[in-house]
Amino acid sequence: MYKFSLFLLFIVLANPFKVIAQIGINIKDPTAMLDVNGTTIIDEKLFLENPGNSNQIRGSKLIIEKTDESIVQYDIAISKYGPINYAELVFNNTSRFGISDYNTKISTDDYIVTVQGYYFVEHGTGSTSVITASNGATNTVEGYQVYAYKNTTDKKWYIKCFINNKGIFRTSANAVTTIDLHMNLIIFRKGFLAKEVAGYSSFDVKKKTTGILAKPPGF
């Protein structure tokens, strides 16, 4: 019996091999390389490389637990919000005076909205030959403004696009044209990238070109 044991030990040492098995924690018959039945606490980092599909939810790469303790698949396409969101707005057949006070229905309490970009085309033709012109007694056109702003009454983000000094949009061939306005919005979830702090109510520069400001609250 003693010699037989030594012979087996010699075979194992002379012929090393890999043992591949599934590991189960609190489960008798694991169905994956690591099958954990219970809660998990991770103090440092967790890396997921090519996660497999869930056996319970077919096609799921990531599942989450809701407040009612139900397990569902996380789908970013139908998620209520993301940290950074993008939206494209198209205002067809827009007045030659532009747009004013359009309500986006986006809450100012939860989001920060900025206009990322915009362009104009002539309605019906798609031509980009859109120019600004004066609609008043003077031929002076001071340019235009495109921006998002907070409405403090209903706490929603509004957008504007208009020409200063009573100007209008037009083309060289038609002075009373209508345009299609394409506008891109970037929508940030509040608190994810920045913290909003109270601003200065007013600051008298006393006609000086240089000076020193106090630090904003919170800095």
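Structure shown above.
From a predicted model like this one, the values you see are computed outputs, not experimental measurements. (Residues numbered from 1 in each chain as written. Predicted model: local features only at pLDDT ≥ 70, side-chain atom pairs only at ≥ 80, totals over all residues. Heavy atoms only, no water.)

**Student:** I'm lost on the overall build of the chain in this one. Help?
**Tutor:** Secondary structure assignment for the chain yields one helix and twelve strands. The 219 residues of the chain split such that 21% are buried. Pairs at least 24 residues apart make up 63% of the contacts formed inside the chain by residues separated by at least 6 positions. Working note: accessible area of the chain is about 17400 Å², and carbon and sulfur atoms make up 55% of it. (Helix = DSSP H or I, 4+ residues; strand = E, 2+ residues; numbered from the N terminus. Buried < 20%, exposed > 50% of the residue type's maximum accessible area, 1.4 Å probe, protein only. Contact = heavy atoms within 4.5 Å. Areas by Shrake-Rupley, 256 points an atom, 1.4 Å probe, with all protein chains shown as cover.)

**Student:** Is there a simple way to explain the sheet that holds strand β12 (residues 179–189) in this structure?
**Tutor:** For sheets, the rule is that strands pair by backbone hydrogen bonds, running either parallel or antiparallel. As summarised here, the arrangement of the three strands in space is β5-β12-β7, forming an open sheet in which the pairing is antiparallel. The sheet is open, and its two edges are formed by β5 (84–94) and β7 (111–122), each paired on a single side. Neighbour to neighbour, the strand axes of the sheet diverge by 20° on average, direction disregarded. Both β5 and β12 contribute to a ladder of nine bridges, which runs antiparallel. Among the inter-strand pairings, Asn-85 is bridged to a residue of β12, identified as Ile-187. (Pairing = 2+ DSSP bridges. Axes fitted to C-alpha atoms, helices over the stretch in contact; angles between N-to-C directions.)

**Student:** It is not clear to me how the packing of aromatic side chains should be interpreted in this structure. Could you clarify?
**Tutor:** The way to describe two aromatic rings as a pair is by their centre distance and the angle between their planes. Counted by the stated rule, this structure contains eight aromatic pairs. Ring geometry for Tyr-149 against Tyr-158: centres 5.8 Å apart, planes inclined by 35°, an arrangement best described as tilted. The cationic tip of Arg-189 hangs over the ring face of Tyr-111; the distance from NZ or CZ to the ring centre is 5.2 Å. (Phe/Tyr/Trp six-rings, centres within 6.5 Å; stacked < 30°, edge-to-face > 60°. Lys NZ or Arg CZ within 6 Å of the ring centre and 35° of its normal.)

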